[in-house]
Amino acid sequence: MGALLLAFGLQWLRKAILRASGYKALHDEEEAFREERERAAAAGRDTRARLDWYAFTLSFKGVFLEGLEVAFIVISFGSTQSRVGLAAAAAGAAFLLVAGVGAIIRAPLARVPENAIKFGVGLLLTTFGVFWAGEGIGVDWPGGDAAILAVLGFLAAVSFVLVWLLRRARVSARLIEAKA
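Novice: Please give an account of the overall build of the protein chain that cites residues and values.
Specialist: Scanning the protein chain from N- to C-terminus turns up 6 helices and 2 strands. Going from N to C terminus, the protein chain has its helices and strands arranged as α-α-β-β-α-α-α-α. Relative to the compact-globule value of 16 Å for 180 residues, the protein chain shows a C-alpha radius of gyration of 20 Å, a clear excess of over 25%. Along the first, second and third principal axes, the C-alpha atoms of the protein chain reach 60 × 60 × 25 Å. Here the protein chain holds 180 residues, and 18% of them are scored as buried.

Written as structure tokens, this is what we have:
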């Protein structure tokens, strides 16, 4: 489980570092919503059984993929504590809560600081991935589970230093281009 969480976490963290440093554009939820709305309007409306199939398929794919990732993470947390049933029940409850809120809101959540949340998720997934992968290969963590906080602190520090270094590199590159 640790290796899989580490793989997911490093992907999220890499993108978050690139976004924070300016090497990758920040995700703009409002713009993404506008673009998807235009595509949906251009696709026309295929309504069968009182259901817009384009919208249903688009929503299903997005929710299914993200939900599958979240379910995997929740189940992996539960399996490390031998509580898969409880984790599955929690994942089901979270699904119902998110589906209910989504049905009520039915619009993009533009005010949610998505880029910061993704940075945090990347840090947390990577932290648990490192910790559990270490346990899987026999690492005896000093302080037991409390070592998770040290791993998180270390990864956060390294991530913020990388953001700082990459920002400086971008500024330096711009200055060199301006002189040329």
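Alright, that's what it looks like, and here's the rest.
Novice: Go over helix α5 (residues 114-136), please, and point to the residues and values.
Specialist: Under the 1.5 Å per step criterion, the end-to-end length of α5 is 32 Å for 23 residues, consistent within 8% with the ideal 33 Å. Of the positions making up α5, those classed as buried are Glu114, Phe119, Gly122, Leu123, Leu125, Thr126, Thr127, Gly129, Phe131, Trp132 and Gly134. At its buried positions, α5 is contacted by α1 (2-21), α2 (29-43), α3 (53-80) and α6 (147-179). One or two positions beyond α5, positive phi appears at glycine 138, with a value near 95°.

Novice: Summarise a negative patch on the surface; cite the residues concerned and give the values.
Specialist: Together, Asp28, Glu30, Glu35 and Glu38 give the surface a local cluster of negative charge. You can see aspartate 28 is positioned in the loop between α1 and α2. Classification of aspartate 28 by relative accessible area gives partly exposed; the value is 41%.

Novice: Describe the packing of aromatic side chains, naming the residues involved and giving the relevant values.
Specialist: One pass over the structure, following the stated rule, counts 3 aromatic pairs. Seen in terms of ring centroids, phenylalanine 119 and phenylalanine 160 are 5.3 Å apart; in terms of plane orientation they differ by 5°. Their pairing is stacked. Of this pair, phenylalanine 119 sits in helix α5 while phenylalanine 160 sits in helix α6; the two residues are 41 residues apart in sequence, bridging distant segments of the chain. When its relative accessible area of 9% is taken as the criterion, phenylalanine 119 is described as buried. Given the relative accessible area of 49%, phenylalanine 160 is considered partly exposed. Plain terms: the ring middles of phenylalanine 131 and tryptophan 141 are 5.2 Å apart, the flat faces sit at 20° to each other, and that makes the pair stacked. Residue phenylalanine 131 is found in helix α5, and its partner tryptophan 141 is found in the loop between α5 and α6; the two are separated by 10 residues along the sequence.

Novice: Outline the side chain of glutamate 114, supporting the account with residue identities and numerical values.
Specialist: With respect to the helices, strands and loops of the structure, glutamate 114 is situated in helix α5. Accessibility expressed as a relative area gives 19% for glutamate 114, which makes it buried. Excluding residues that lie within four positions of it along the chain, glutamate 114 makes contacts with His27 and Glu29.

Novice: Can you break down the pattern of salt bridges residue by residue, with the values?
Specialist: Following the criterion strictly, the structure yields 2 salt bridges and no others. Where arginine 34 meets glutamate 31, a salt bridge forms, and the shortest distance between an N and an O atom there is 3.0 Å. Of this pair, arginine 34 and glutamate 31 both sit in helix α2, separated by 3 residues, roughly a single helical turn. Take glutamate 31: its relative accessible area is 31%, and that puts it in the partly exposed class. Ionic pairing is found between lysine 118 and glutamate 114, a salt bridge with its closest N-O pair at 2.8 Å. One end of the pair is lysine 118 and the other is glutamate 114, both in helix α5 and 4 residues apart, which spans about a single turn.

Novice: Please provide a residue-by-residue account of the nonpolar core, values included.
Specialist: Of all hydrophobic cores here, the largest spans 17 residues; its most connected members are Leu5, Leu13, Ile17, Phe119, Leu123, Phe131 and Trp141. Of all the secondary structure elements, the ones that give two or more residues to this core are α1, α5 and α6. The biggest single contributor to this core is α6, with 6 residues. Once you skip the residues sitting within four places of it in the chain, phenylalanine 119 turns out to touch Leu13, Ala16, Ile17, Ala20, Ser159, Phe160 and Val163.

Conventions and cut-offs
- Residues numbered from 1 in each chain as written.
- Predicted model: local features only at pLDDT ≥ 70, side-chain atom pairs only at ≥ 80, totals over all residues.
- Heavy atoms only, no water.
- Helix = DSSP H or I, 4+ residues; strand = E, 2+ residues; numbered from the N terminus.
- Rg over C-alpha atoms; globule rule 2.2 N^0.38 Å.
- Buried < 20%, exposed > 50% of the residue type's maximum accessible area, 1.4 Å probe, protein only.
- Expected span 1.5 Å × (residues − 1).
- Contact = heavy atoms within 4.5 Å.
- Patch = residues over 30% accessible without salt bridge, like charges linked within 9 Å, V, L, I, M, F, W, Y side chains within 5 Å.
- Areas by Shrake-Rupley, 256 points an atom, 1.4 Å probe, with all protein chains shown as cover.
- Salt bridge = Lys/Arg side-chain N within 4 Å of Asp/Glu carboxyl O.
- Lys, Arg positive; Asp, Glu negative; His and termini not counted.
- Charge placed at Lys NZ, Arg CZ, Asp CG, Glu CD.
- Phe/Tyr/Trp six-rings, centres within 6.5 Å; stacked < 30°, edge-to-face > 60°.
- Core = buried A, V, L, I, M, F, W, Y, C linked by side-chain atoms within 4.5 Å.

Function-wise, these values are silent; they only describe arrangement.
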